[in-house]
There are 2 protein chains.
Amino acid sequence: MAPLPESKTDVVIIGAGPAGLMAALWMAKCGIDVRIIDKRATKVFKGQADSLQPRTMEILDSFGIADKIYKRAAHLVESRFWASGKSGGIEPCGVASDYYPELSRFHQVLINQGQIERTLLDAIKDLGNVEVERGVAPTELQIDEQNLQDPQAYPVQLTLRHLTEEEIAESPAAPVPTPGAFGINPGDEKELERKPTGKEGTEEVVHAKYVFGCDGARSWTRKQIGIKLVGEGKDSLWGAVDIVPVTDFPDLRVRSFVTTSQGTMGIVPRENGMIRVGVELDGIDRSQASPETIIEQAQKLLTPYTINFSHYDWHAVYQSNQRLGSSFSKSERVFLAGDAVHTHSPKAGIGLNFSLQDTYNLGWKVAHVIKGISKPSILKTYETERREVAQQLIAFDEDLTARFSAGEDIKEIFAKELPFTSCTSIEYGPSMVVAKTGANIVSKQELAQHIIVGRRFASQQVIEQASGCPLQFQERFPSDGKYRIVVFAGDISRPDQLKRVQKLGQTLALPLPKNQPENGENVFDVLVLHSSRREDVRFCRLPSTLCSQSQSNVYADNLPYSGGLGTAYQAYGVDRLNGCIVAVRPDGHVLFVGELEDSDKLHKVFSEIML
Amino acid sequence: MAPLPESKTDVVIIGAGPAGLMAALWMAKCGIDVRIIDKRATKVFKGQADSLQPRTMEILDSFGIADKIYKRAAHLVESRFWASGKSGGIEPCGVASDYYPELSRFHQVLINQGQIERTLLDAIKDLGNVEVERGVAPTELQIDEQNLQDPQAYPVQLTLRHLTEEEIAESPAAPVPTPGAFGINPGDEKELERKPTGKEGTEEVVHAKYVFGCDGARSWTRKQIGIKLVGEGKDSLWGAVDIVPVTDFPDLRVRSFVTTSQGTMGIVPRENGMIRVGVELDGIDRSQASPETIIEQAQKLLTPYTINFSHYDWHAVYQSNQRLGSSFSKSERVFLAGDAVHTHSPKAGIGLNFSLQDTYNLGWKVAHVIKGISKPSILKTYETERREVAQQLIAFDEDLTARFSAGEDIKEIFAKELPFTSCTSIEYGPSMVVAKTGANIVSKQELAQHIIVGRRFASQQVIEQASGCPLQFQERFPSDGKYRIVVFAGDISRPDQLKRVQKLGQTLALPLPKNQPENGENVFDVLVLHSSRREDVRFCRLPSTLCSQSQSNVYADNLPYSGGLGTAYQAYGVDRLNGCIVAVRPDGHVLFVGELEDSDKLHKVFSEIML
């Protein structure tokens, strides 16, 4: 037998769902050599996960790909609650906000998973000319334990099989849409069928530095590296259906929860005037569940209102487990992400977000190690950070599931958990990339009371000093693999404060680690936000280490259009006179807070991270 | 000699600049059979017109194509003025706003014409699979006067020549960029060279219903139909250069005007950290003008500051005439638009906007006539509306040019004319599509004091009744060829007011003209904006003629996120209790204002327009 063809690739991603595609997006953005494979013949086109939480929208926007999806999706800012009334039928019994502006500049939006994947697929193609290899399955995975220490080695050996049409046909596939009402997402037209590659039926061996297992709840990768999903929680049987409704029930464009003695159901709005109906299928045989039986069950709960549909788009029946991986990686060379390492119920509409944010956390770290910027030990923080988040997710889901089953009031828990479910309050623990109590270097958190070390850096409206244009500060934190040093310069119209900032410019220039990648791109980006009136500091001289010639990185905490002083410093909890310094990771999480005189500490922080 | 191949096309557009591309965009959007030709081998890639005014951004957004360009471009909200000081060098002498929020939700932005055209080219391809035929020139135009009355006839006969490479090489072309710093706009990679069509050197005859001459100041079309440009005004010689500056002059990201006894210059910010420098070339021979001589001249005026460049992108020298076409069309079958029918200086950065808005005015009218919706007489309003605007443009430009030449203070005129230069206050006179004094039907303007009949319908933030989501009302006025009936329903929490609205629903259902195109699409879209608290009218029943089942066309004048009553009614100048009715044209200009009881008048308005 002839030997199999062999090749080398920095990263192989197994599974092209949201977690896999986000991993590929980071690789494409950072210029890392990557392959992404999926055993299915085609992408997902319809239904499935449909909710993008505010933090996920921020992340998509940081790659410049939020706009289209935000415009096409249904927006969700409100939940309404219904329960059995005195007359026997349901009556409204409450309303809660599903959004408040302090959370994020983005609402939660809902759209089929096919469009979410379309957006990610287009981006990896545009940014890195990366395309998913479909109909390709891994068959063998070996790790060369001798070679783990060498960051330039390829210790993971993966055998890939290019499936034949017959082999592809054996595995369950997403239904392929036909033209007509909402049949095909814009851009999906060319992907309805897998294109033959000529390699069908062949195998090859790939040597990789890193492998990401993003292959779902039944992860092949997870089994290869001997990791188990652990947990006891189990949900009852639920059905979900995406329809254009014909109904007199009024609350179709908000999230509606209906809790009666006969069961529980929920409705969320969707793109194209659709809704998703999710309903407990108590006493129904799983094999009998169809769009019609799901709607019949919903009809029972919805009396005196009637519900039917003029268009059916997708349905599914599920019974979820709540389980967590015993580990998130093998030797920090093979990583698991998304459903491959945590499972839960889809009730709160947050699963896709946590999966995608797993690899958003992992991707830049792996890219930095491959590029020789970071020490490999940074990779350990993937598990410490995301495992804790997954535990919180499962605990929340268990609580929610229990309350649903018991027919309890769920209004409180939704309102209370909004910061968590929106993914905006997720906070990572102390580590080399989170300088807070427990880590080697500890931030002065009190200098920026609302810029919590370990959480993501939130957005505020600021003014560009040079142009006077207002912008959301977060727009200046793109996902480009750079750390950002935010100099809250304070009131630089005062000469003594200006001197402090000028001194920072001198000290900051020297001690920063110089581990630059070969192509010379800088891994640091400095932003200055001062609190003076923009007019008062028009001719202030800032050192060139802090300020580009065109002042394109200098911002004023002013209101737009000469409206006077702004509110960003207050919202960030930073003293207007004295300012502070904040370091932000490439994934937008806060790494460090210190005084303007703390450039030595900042140096130490980065010395821990950098090679 | 064999006869030339002949074919029929509804519309032929000559010239693929901004005016021609906007015309093609309307045709693509409305599903009209169209060809667009340009004698040049390639599109524009760099430099040239660079300013998109707020109203132009609104128009691009109404086609769903504003986002990318808005993000990539430089934003402009401020002008700063400099003049010779006591020390001999220039000193700052004033500042003026170039934007205020009441004008529009969009700022003015600046980006090279190549990117603007790229955006339009992508849109016509996406919407209607329309592509520009390059290297194609018209050689003969004949109008069959016998056939003008039949709206389904093809009275314009156009002979087209597919140019040979040698013929193309003879005409001046835009410089083709090379890779490198800002060399090639995203998406332009494939258009650097014209692709051979195999038709080079051949001719063909096209029979068209309508021809648009968008072929620039030296318009071939204009000469064929015997129209002359009339006017005396002439500007002095100016040079413009796009550079990445090396300078200590501070005002690079605002619009800067420098007026000294030695001459006048201006700077505007541009994409990619560039600026455009425009300077009067007094005493310089036109043939000697280069990027270096333009910058040398600028350097003289800018003392004590220094200016040079690290990257040069584009330059031009121009001496403009101020001239206006003696007519805008021949028999309303061949139309002229843009520079083909009005020329002026580029000083105020508004020319592209007026050109593009010419065909934005014309396009939907022609589409409606071709589709059998409108009477052909609607086409006369193109000239009455756009000629007056062109006159205003030329008068403004003559005033500006005179003040520049005289070294006068120009701060005042810029601030005063902002509503005009932003293109947001452009107001069309009375006609069958502007129901105001002088027209057959006159609006009750007093019912909506700030919704001026003839001007574009401005945006305000409103709340979607069904979802509670805030949005800009203008987002619900896409350029899709539909008239929009905006029912300002007033306070429908009051039973008597609700009755008035319900009655309107009954009467509005009947008399509206039924001239539907074959495919059954409705040319009317009804939007309801009430002034009640959203919670108070949750279960209000509106007639199905006013309100879709999902309430997706009902809006509340509330503040977002349960913030109470809003300010849209006040901004629109509409009475909160009693409301009114407003009809808006497919191009967003206000057609009619009346009472809720005026559905008969509305009927009459549309009877005048519709076939």
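Residues numbered from 1 in each chain as written. Chains lettered and ligands numbered in written order. Predicted model: local features only at pLDDT ≥ 70, side-chain atom pairs only at ≥ 80, totals over all residues. Heavy atoms only, no water.

Under an unreviewed UniProt entry, the name given to chain A is Phenol hydroxylase, and the organism recorded is Lasiodiplodia theobromae. For the record of chain A, the UniProt heading Sequence similarities (unreviewed entry) holds the text "Belongs to the PheA/TfdB FAD monooxygenase family." (UniProt positions renumbered as here; feature names shortened; annotations may be inferred.)

## Considering the interface of chain A and chain B
Size of an interface, as often reported, equals the accessible area lost when the parts are brought together. Tallying the contact residues gives 34 residues for chain A and 34 residues for chain B. Each partner contributes to the roughly 2800 Å² buried at the junction of chain A and chain B, and carbon and sulfur atoms together form 49% of this total. Scanning the region where chain A abuts chain B turns up 10 salt bridges. Arg534 of chain B is paired through a salt bridge with Glu78 of chain A; the nearest N and O atoms lie 2.8 Å apart. (Contact = heavy atoms within 4.5 Å. Buried area = accessible area lost by both parts, 1.4 Å probe. Salt bridge = Lys/Arg side-chain N within 4 Å of Asp/Glu carboxyl O.)

## Details of the domain arrangement of chain A
Examined at the domain level, chain A breaks down into domain 1 (6-49 + 56-61 + 111-230 + 323-414), domain 2 (74-110 + 233-321) and domain 3 (445-609). Look at where the C-alpha atoms of domain 2 of chain A and domain 3 of chain A centre, and you get two points 45 Å apart. (Domains from an automatic or database assignment.)

## Notes on the packing of aromatic side chains
Describing an aromatic ring pair means giving the distance of the ring centres and the angle of the ring planes. All names here are of chain A. According to the stated counting rule, one finds 56 aromatic pairs over all chains in the structure shown. The interplanar angle of 50° and the centroid separation of 6.5 Å between the aromatic rings of Phe309 and Tyr312 together place this pair among those described as tilted. The interplanar angle of 85° and the centroid separation of 5.3 Å between the aromatic rings of Phe473 and Phe477 together place this pair among those described as edge-to-face. The exposure class assigned to Phe473 is buried, which follows from its relative accessible area of 0%. An aromatic cluster of at least three residues, connected via ring pairs, comprises Phe457, Phe473, Phe477, Phe488, Tyr555, Tyr569 and Tyr572. (Phe/Tyr/Trp six-rings, centres within 6.5 Å; stacked < 30°, edge-to-face > 60°. Buried < 20%, exposed > 50% of the residue type's maximum accessible area, 1.4 Å probe, protein only.)

## A few points about helix α1 (residues 18-30) of chain A
Residues and elements named next belong to chain A. The end-to-end C-alpha distance of α1, which contains 13 residues, comes to 18 Å, matching closely the 18 Å that a straight helix rising 1.5 Å per residue would cover. Most of α1 sits out of view: 12 of its 13 residues are buried. Looking at α1, one finds that the buried residues are Pro18, Ala19, Gly20, Leu21, Met22, Ala23, Ala24, Leu25, Trp26, Met27, Ala28 and Cys30. (Helix = DSSP H or I, 4+ residues; strand = E, 2+ residues; numbered from the N terminus. Expected span 1.5 Å × (residues − 1).)

## Regarding the relation of the copies chain A and chain B
Relative to chain B, chain A is turned by 180° and slid 0.0 Å along the rotation axis, the superposed coordinates differing by an RMSD of 0.0 Å. Within this description, the copies of the chain are treated as partners about a two-fold rotation axis. Taking C-alpha positions as the reference, the residue of chain A nearest the rotation axis is Asp67 of chain A, at 3.6 Å. (Least-squares fit on C-alpha atoms with pLDDT ≥ 70 in both.)

## With respect to the sheet that holds strand β12 (residues 229-234) of chain A
All names here are of chain A. Here 3 strands make up an open sheet; going across it, the order is β12-β18-β21 and the pairing antiparallel. Edge strands, defined here as strands with exactly one partner in the open sheet, are β12 and β21 (342-343). Here strand β18 (residues 321-325) pairs with β21 via 2 bridges, running antiparallel. Bridge pairing in β21 links Arg323 to Thr343. (Pairing = 2+ DSSP bridges.)

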